[in-house]
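Chain by chain, the residues run as shown.
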Amino acid sequence: MTVLIPPVLPTFVPRYVSDESTADLFAHLAFVHDLVTELRPSLYVMPGVVSGDSYFGMCQTALQGGLECTCYGVLGSSDENLDRYNATHYGGFSHLLGSGEESIHSFSEGSIDVLHIADDRRAGHTFAAWMPKVRVGGVILVSHIAERDSESEAWRVWEQIENTFPEFFALHHAGGLGLVRKPGGDKCPSPFVNCLFSGPTETREHLRRYYVIYSGY
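Cut-offs applied
Residues numbered from 1 in each chain as written. Predicted model: local features only at pLDDT ≥ 70, side-chain atom pairs only at ≥ 80, totals over all residues. Heavy atoms only, no water. Salt bridge = Lys/Arg side-chain N within 4 Å of Asp/Glu carboxyl O. Buried < 20%, exposed > 50% of the residue type's maximum accessible area, 1.4 Å probe, protein only. Helix = DSSP H or I, 4+ residues; strand = E, 2+ residues; numbered from the N terminus. Core = buried A, V, L, I, M, F, W, Y, C linked by side-chain atoms within 4.5 Å. Contact = heavy atoms within 4.5 Å. Polar contact = N/O pair within 3.5 Å; in protein donor to acceptor, adjacent residues only side chain to side chain. Phe/Tyr/Trp six-rings, centres within 6.5 Å; stacked < 30°, edge-to-face > 60°. Arc of directions from axis to C-beta. Pairing = 2+ DSSP bridges.

Our focus in this paragraph is the pattern of salt bridges. Per the counting criterion, the structure on display carries 6 salt bridges. Arg121 is the partner of Asp120 in a salt bridge, and the nearest nitrogen-oxygen pair spans 2.6 Å. Accessibility expressed as a relative area gives 10% for Asp120, which makes it buried. The partner of Glu205 in a salt bridge is Arg208, and the shortest N-O contact between them spans 3.3 Å. Here Glu205 pairs with Arg208, and both are found in helix α8 (residues 201-215), just 3 residues apart, close to one helical turn.

Right, here's the structure in full:
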């Protein structure tokens, strides 16, 4: 069996650590770093930024990887500390938008390359509202898919995705992280990304174990 591993061993060390940081918040950053480095998106959006750990992890990846990517974080509530940090470190390509439904109107349909849904309490609404903004062939990330909290919508959204979309992949450790490719469009040229969505079962399972071991779970 030929086992595909990521193009490089994970070396991602996050710069930003919030007061709300937990091990779960950091457990998927290396995977997202590897994924985004291969996808090389032009437009990344995270609705519902709260602590900033995941969002600034993406901004760090874009900066260190030399990606020509504009990043937008839609705040759950205004936060001067997040605004200040963003302006200081990533102000050239990262923008924090105020909370509210009007933020979605800042993006045209089919414009977003990578959408990351991090707020599990509103995952259903967010997925339905923002999906038209994602380009065909774009990727949607959904956090907390393994947490079956009664107030969480993420796991319900993920069950719907598994039953509806042909190309998806999930990590189950640290609360879980799912990714799904919106049907249509050109395939990503990266063998790593395509393996996540359509590779052999044993290879996909190897990749899951790889990131579990790396994250310390």
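Let us keep going from here.
Among the nonpolar cores identified, the biggest contains 40 residues, and Phe31, Tyr55 and Leu179 are the most heavily contacted of them. Beyond its immediate sequence surroundings of up to four residues, Tyr55 is in contact with Tyr44, Met46, Val49, Cys71, Tyr72, Gly73, Asn86, Ser94, His95 and Leu96. By size, the runner-up hydrophobic cluster in this structure holds 24 residues, among which are Phe127, Met131, Ile140 and Phe165.

So, about helix α7 (residues 191-198). Within α7 the residues assigned to the buried category are Phe192, Val193, Cys195, Leu196 and Phe197. Buried positions along α7 lie against α2 (29-39), β5 (134-143), β6 (168-171), β7 (177-181) and α8. Capping the start of α7 is the job of one residue whose side-chain oxygen sits 3.3 Å from the backbone nitrogen of Phe192: Ser190.

Okay, the packing of aromatic side chains next. Following the criterion strictly, the structure yields 15 aromatic pairs and no others. Between Tyr72 and Phe107 the ring centres are 5.0 Å apart and the planes differ by 90 degrees, which places this aromatic pair in the edge-to-face class. Note that Tyr72 is positioned in strand β2 (residues 70-75) and Phe107 in the loop between β3 (94-97) and β4 (112-117), a separation of 35 residues in sequence. The exposure class of Tyr72 is partly exposed, given its relative accessible area of 22%. Of the residues examined, Phe107 reaches a relative accessible area of 6% and is grouped as buried. Arranged with centres 6.2 Å apart and planes meeting at 90 degrees, the rings of Phe127 and Phe165 form a pair that is edge-to-face.

Attention now goes to helix α6 (residues 154-164). Buried within α6 are the following residues: Ala154, Trp155, Val157, Trp158 and Ile161. An end-on view of α6 places all buried positions within 155 degrees of arc, on one side of the element. Along α6, the residues that are exposed and aim more than 90 degrees away from the buried face are Asn163 and Thr164. Contacts from the buried residues of α6 go to α5 (123-130), β5, β6 and β7.

In terms of residue burial, β7 counts as a mostly covered element, since 5 of its 5 residues are buried. Burial along β7 is two-sided: the residues Leu177, Leu179 and Arg181 and Gly178 and Val180 are all buried. By the bridge criterion, 5 bridges tie β5 to β7 in an arrangement that is antiparallel. For Ile140, the partnering residue across the bridge sits in β7 and is Val180. Of the pairings in the sheet, the one linking β6 to β7 comprises 4 bridges and is antiparallel in character. The residue bridging Phe168 from the neighbouring strand is Val180, located in β7. The hairpin turn running from β6 into β7, its antiparallel successor, is 5 residues long, and Ala174 in that turn takes a positive phi close to 50 degrees.

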